[in-house]
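Residue-level structural notes
The residues making up each chain are set out below.
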Amino acid sequence: MESEVPRSVALRSNRRDQDGFFSPGKVPADYPIKLVWKRGFVRLVFVAGIVWMLLILIVLLFHVWSCQSSYDFFSAICNKESKVYGLLNTWGFVQQQHRCPIPVVDDPNKIVIPEGKTSDSIITRLSYITDDDEPLNNGSSSPLFGGHISWAEREESFKIKPSMKVHCGFIRNGGAEMDPNDIEYVKKCRFVVASGIFDGYDVPHQPSNISHRSKELFCFLMVVDEVSLEFIKENTTIRTDSKGGQWVGIWRLIPLKNPPYDEPRRNGKVPKILTHRLFPQAQYSIWIDGKMELIVDPLLLLERYLWRGENTFAIAQHKHHRNVYEEADANKRRKRYARPLIDLHMKIYRYEGIEPWSTKSGTISDVPEGAVIIREHTALSNLFSCLWFNEVHLFTPRDQLSFGYVVHKLGVKPFKHFMFPNCEYNSLFVLHPHTREHSSKVEWVKSLSEFKGKGSSMKESRGGLGLWTPYPGDLSSVVLPKVVRTSKAG
């Protein structure tokens, strides 16, 4: 009896194997249909995936094409500020144009100017150091315009606090003084278009396409040194008003006496970067280099680059470079400043942790095209300008090399700025050649040994002193990143 129980279980198991799923010789009647349906479903999903990817690719390509189209309708629907466009541009899918349409409003008279100011929620109080701790430097009889900034002070200035006091040029008796008549005139200037000419490289170029509203609203201020003022007098007609103000067309000339630096290019950075210090009553400013002729109404620029995106600082992307080390390499090849000093400048940044730009950097680019700067003079925007100028004061006068460093030190999120496409930048102005090419002996220096002996006269006595002050770190082991040129023009 006991032996028949296992036998009965084995027989039932055997029948299930023969009649059920484990039988290799027998399949359900609808099995072929299920198999065909299963394979067809897989193919359908696969084809649908391919079609979906193609549609996405077509949409992305259309997006890129519309942004570069010469047809107004298509260029109008393009959003160059979108994350999609930025990503495609970063990946190299966007063909770089020299000029492209600027999506500005049709009529400057229809623009509604925001009331009040952008609130200073991060920094509530910003003040400036006005007296130099060391009035004498290497036999100099006057303080440094940018002050003697110690390494500790420099590092502390990047730590954002509600109340801050920083170096920001204009140290008492440091140079760059304005005439009292000009100081009184600029007090009424809330909206400013500023430019500058130093060492007689240019003559003022009159802006075009300026509306009557903007002519009434903006002060057009041309900052010049004494050499340039004489050059302008010899080559253009200057009109003098009843209060002694000097004019060339729409431009009010603002002469600066006692140049603060030996190097004209470094002097030019004073009105360019420290616009808020020269014209403290200004709420908005647009800077353009002296060789440029502005061809877009300035009110349209404020609406496009500041108010529309709620920005307080806007500057163009560099046409060729995003990586500061690549920009430094280009500066050396083009002899923009002494090669070993550019290398030393970059070694300091590398030692302090500045990586070559990548898509993970959190910025569109680390290198700007600094000939046009559009700002609202908020406390944070002013702080950025001060710290940017301090880097120019301490190191090389090439401001493109220090812009990205200051952005990273302050933090990308606190300092919200807009780097707009380079092709729009090229549509803002007509570029005129300099009246002569700038050249100085320091630009041809290939090694530090050339600054010794008779070459010591090439050292600047009032600027770039951070390059000659012992750095509190070992720079001897610093290796600069290898530069891969991304553009033949760069």
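One structure accompanies this document, and this report is about it. (Residues numbered from 1 in each chain as written. Predicted model: local features only at pLDDT ≥ 70, side-chain atom pairs only at ≥ 80, totals over all residues. Heavy atoms only, no water.)

This part is about the pattern of salt bridges. Opposite charge on two side chains permits pairing when their charged atoms draw close. Applying the stated rule across the entire model yields 20 salt bridges. We note a salt bridge from D329 to R333, for which the minimum N-O separation is 3.0 Å. Of the two residues, D329 and R333 are both situated in helix α13 (residues 324-333); the distance of 4 residues between them amounts to about one turn of the helix. Relative accessible area serves as the criterion here: at 31%, R333 is assigned to the partly exposed category. Salt-bridge contacts for E355 lead to R350; the nearest nitrogen and oxygen are separated by 3.0 Å. With relative accessibility at 48%, the residue E355 sits in the partly exposed group. When salt bridges that share partners are traced, they join R154, E352 and E391 into one network. (Salt bridge = Lys/Arg side-chain N within 4 Å of Asp/Glu carboxyl O. Helix = DSSP H or I, 4+ residues; strand = E, 2+ residues; numbered from the N terminus. Buried < 20%, exposed > 50% of the residue type's maximum accessible area, 1.4 Å probe, protein only.)

The full count for this structure, using the stated rule, is 28 aromatic pairs. Centre to centre, the rings of Y351 and Y471 are 5.5 Å apart; their planes meet at 90°, and the pair counts as edge-to-face. Separated by 120 residues along the polypeptide, Y351 in helix α14 (residues 339-351) and Y471 in the segment after β14 (429-431) bring together distant segments of the chain. A relative accessible area of 16% places Y471 in the buried class. Taken together, the aromatic side chains of W151, F158, Y349, Y351, F395, Y405 and Y471 make up a single cluster linked through ring pairs. Of note, R252 hangs over the ring of Y185, and the distance from its end group to the ring centre comes to 4.3 Å. In this structure, R266 is placed above the aromatic ring of Y261, and the distance from its NZ or CZ to the ring centre is 5.9 Å. (Phe/Tyr/Trp six-rings, centres within 6.5 Å; stacked < 30°, edge-to-face > 60°. Lys NZ or Arg CZ within 6 Å of the ring centre and 35° of its normal.)

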